[in-house]
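Working through the structure, step by step
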Amino acid sequence: MELRNYAETILFGTTIDDKLAGPSAASSFTDDQPGEALAGPPEVPGRPPQLGFDRRQEHAAQFESARRPAKLNEPLGRGLVLHYFANHELLALEVMALALLRFPDAPKSFRAGIARTMLEEQEHLRLYIARMKQLGVAFGDLPVNSFFWRTMKDISSPAEYSAAMSLTFEQANLDFALHYERIFRELGDPETADLMRRIHDDEVRHVEHGVKWLGRFEAGKDLWTSYLDHLQFPLTPSRAKGPVFDEEGRKRAGLNEDFISELKVFSSSKGRPADLWLFNPGCEREIATRSKSPFLSGPASHVESDLAGLLVFLATPDDIVLTSVRPGRHFLASLKSAGIALPEIMSIDPAKPATQLKNALGQRKLGSFKPWGQTPAALAWAHTVEDQFTRMP
């Protein structure tokens, strides 16, 4: 079966049978006629009516209620949780099909790896639907979330796909699958627990595909840096983690110690506009000397280095702390292990113009500006992104 035909059926098909269509083995695929790149993504993928995105708000409260641990004691509650995962599998299939159609010139082995992953995702979807039915839930009984699609339909390169799909959504699924496996096993439901374990182990290989290919696309670069460079907001590394942190699964997928350590301490807002904190301990000197810089320089600059982590204790996990010297990873890890919720920490270069903030923040919406000292030079930095604040500095 030609990959293009396979991808078109999954992306544009309007029945569950379409979404599950394909060969039984990856060896049956051919990629001799990849065709022209799809000019642009459809606004939404083909879907049966009961799985359309426009139903999302109808029963959102019902689903949130079903996710509470107390409800998981009941078969229906467990089925409703599986409904959430089944939609993620369907979304992943549709995004992977889109990638095959958007990037026909990508390396053949990269495309073949996506196709192999898709066959496994189809099997996951079949298993979820079957287990949901046993628990009294049909696929489509609840409205479905479109976040995966909205954040990934405009991916611009295979490297961006690898960062967003393999190293964000599929990496997070390592944690979610492990978390729910443990819950289901504790509740005396080994069948559903075994299903989550199987999916977890398959996801290890899916993450590994992204690790391998992002490393090849960005040869010579640090994997963490490459990952950050290819994530487009609202995707951040925070989306690559779940309620537990499966370090062993990440190692099996080929993620190195530095990447895992950076991800452990990374934090960012997943929705609320972040308050922007600026560490400028030179504020008194600025006022006294009319300096145009909010930062210390010369021998006094060690103060910023020594106290760079101070605002971490004042900011919330949804906030962003700007500092000219990023606190060390081991220091941040020790804070996290002590139970301190870390904010997102963003390094800035005092030697460069304040306009660097625009590039660093993109179009992210911000809450308020909270400098260590509210001085003219500090406010000049905030004014470079003043249109992004919901509360003007």
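Residues numbered from 1 in each chain as written. Predicted model: local features only at pLDDT ≥ 70, side-chain atom pairs only at ≥ 80, totals over all residues. Heavy atoms only, no water.

Some remarks on the overall build of the protein chain
If you tally the helices and strands in the protein chain, you get 16 helices and 4 strands. Taking the principal axes of its C-alpha atoms as reference, the protein chain extends roughly 75 × 50 × 40 Å. Within the protein chain, buried positions represent 53% of all 393 residues. Across the protein chain, contacts joining residues at least 24 apart in sequence account for 76% of those joining residues at least 6 apart. (Helix = DSSP H or I, 4+ residues; strand = E, 2+ residues; numbered from the N terminus. Buried < 20%, exposed > 50% of the residue type's maximum accessible area, 1.4 Å probe, protein only. Contact = heavy atoms within 4.5 Å.)

Focus on the nonpolar core
In this structure, Met118, Tyr128, Tyr161 and Tyr227 are the most contacted members of the largest nonpolar core, which totals 80 residues. Broken down by secondary-structure element, the contributors of at least two residues to this core are helix 1 (3-12), helix 4 (75-102), helix 5 (108-134), helix 6 (147-152), helix 7 (158-186), helix 8 (190-217), helix 9 (223-229) and helix 11 (257-265). Examining the composition of this core, we find that 16 residues originate from one element, helix 4, more than from any other. Judged by nonpolar contacts, the second largest core, of 19 residues, contains Leu322, Leu379, Ala382 and Phe389. (Core = buried A, V, L, I, M, F, W, Y, C linked by side-chain atoms within 4.5 Å.)

Comments concerning empty space enclosed by the protein
If you walk through the whole model with that rule in mind, you get 2 cavities of 30 Å³ or more. If you trace the largest cavity, you find it lined by Phe85, His88, Glu89, Ala92, Glu121, Tyr128, Phe148, Phe169, Glu170, Asn173 and Glu203. Of all the secondary-structure elements, those providing two or more residues to the lining of the largest cavity are helix 4, helix 5 and helix 7. Per-element tally for the lining of the largest cavity: the top contributor is helix 4, with 4 residues. The class makeup of the residues in the lining of the largest cavity is 5 nonpolar, 2 polar and 4 charged. (1 Å grid on protein atoms, 1.4 Å probe; cavity = no way out; pocket = protein on both sides within 12 Å on 5 of 7 lines; lining within 4 Å. Points joined across faces, edges and corners; volume = space filled by probe spheres on them. Nonpolar A, V, L, I, M, F, W, Y, C, P; charged D, E, K, R; others polar.)

Here's the deal with the side chain of glutamate 94
One can find glutamate 94 in helix 4. Glutamate 94 has contacts with Ile10, Leu11, Lys19, Pro45, Gly46, Arg47 and Trp149, leaving out every residue within four places of it along the chain.

Brief notes about the layout of surface pockets
Of the volumes computed, that of the largest pocket is approximately 740 Å³. If you trace the largest pocket, you find 28 residues lining it, with Leu228, Phe266, Glu344, Met346 and Ala360 closest to the centre. Looking at the lining of the largest pocket, the elements with two or more residues in it are helix 9, helix 11, strand 3 (344-347) and helix 15 (356-361). In terms of residue class, the lining of the largest pocket is built from 15 nonpolar, 8 polar and 5 charged. Size it by volume and the second largest pocket reaches roughly 360 Å³. Taken together, 15 residues make up the lining of the second largest pocket; nearest its centre are Tyr84, His88, Phe148, Phe176 and Arg239. Listed by contribution, the elements that provide at least two residues to the lining of the second largest pocket are helix 4, helix 6 and helix 7.

Some points on the pattern of salt bridges
In this structure the tally under the stated criterion is 32 salt bridges. The shortest N-O distance in the salt bridge between aspartate 201 and arginine 252 comes to 3.8 Å. One end of the pair, aspartate 201, is in helix 8; the other, arginine 252, is in helix 10 (residues 247-252), and 51 residues separate them in sequence. Between arginine 326 and glutamate 262 there is a salt bridge, with its nearest N and O atoms 3.3 Å apart. In this pair, arginine 326 sits in the loop between strand 2 (320-323) and helix 14 (329-337) while glutamate 262 sits in helix 11, placing the two residues 64 residues apart along the sequence. By relative accessible area, which is 30% here, arginine 326 ends up partly exposed. What you see here is one network of salt bridges that share partners, running through Glu181, Arg185, Asp194, Arg197, Asp201 and Arg252. (Salt bridge = Lys/Arg side-chain N within 4 Å of Asp/Glu carboxyl O.)

Section: the packing of helix 5 against helix 8
Contact geometry for helix 5 and helix 8: axes closest at 11 Å, N-to-C directions at 165°. By the angle between their axes, helix 5 is roughly antiparallel relative to helix 8. Every pair of crossing elements has a handedness; the one defined by helix 5 and helix 8 is left-handed. Of the residues contributing to the contact of helix 5 with helix 8, the split by class is 9 nonpolar, 8 polar and 10 charged. (Axes fitted to C-alpha atoms, helices over the stretch in contact; angles between N-to-C directions. Parallel < 35°, antiparallel > 145°, perpendicular 65-115°, else oblique. Left-handed = near helix turned anticlockwise from the far one by under 90°.)

Considerations on the environment of serine 261
Here serine 261 shows up in helix 11. Of the residues examined, serine 261 reaches a relative accessible area of 23% and is grouped as partly exposed. Each C-alpha atom of the pair serine 261 and glycine 220 lies 20 Å from the other, and the pair is 41 residues apart in sequence.

Re the packing of aromatic side chains
The final tally for this structure, using the stated rule, is 18 aromatic pairs. Relative to phenylalanine 169, the ring of phenylalanine 147 has its centre 6.2 Å away and its plane inclined at 90°; by these criteria the two rings are edge-to-face. Here phenylalanine 147 is found in helix 6, whereas its partner phenylalanine 169 is found in helix 7, with 22 residues between them in sequence. Seen in terms of ring centroids, tryptophan 224 and phenylalanine 266 are 6.2 Å apart; in terms of plane orientation they differ by 65°. Their pairing is edge-to-face. (Phe/Tyr/Trp six-rings, centres within 6.5 Å; stacked < 30°, edge-to-face > 60°.)

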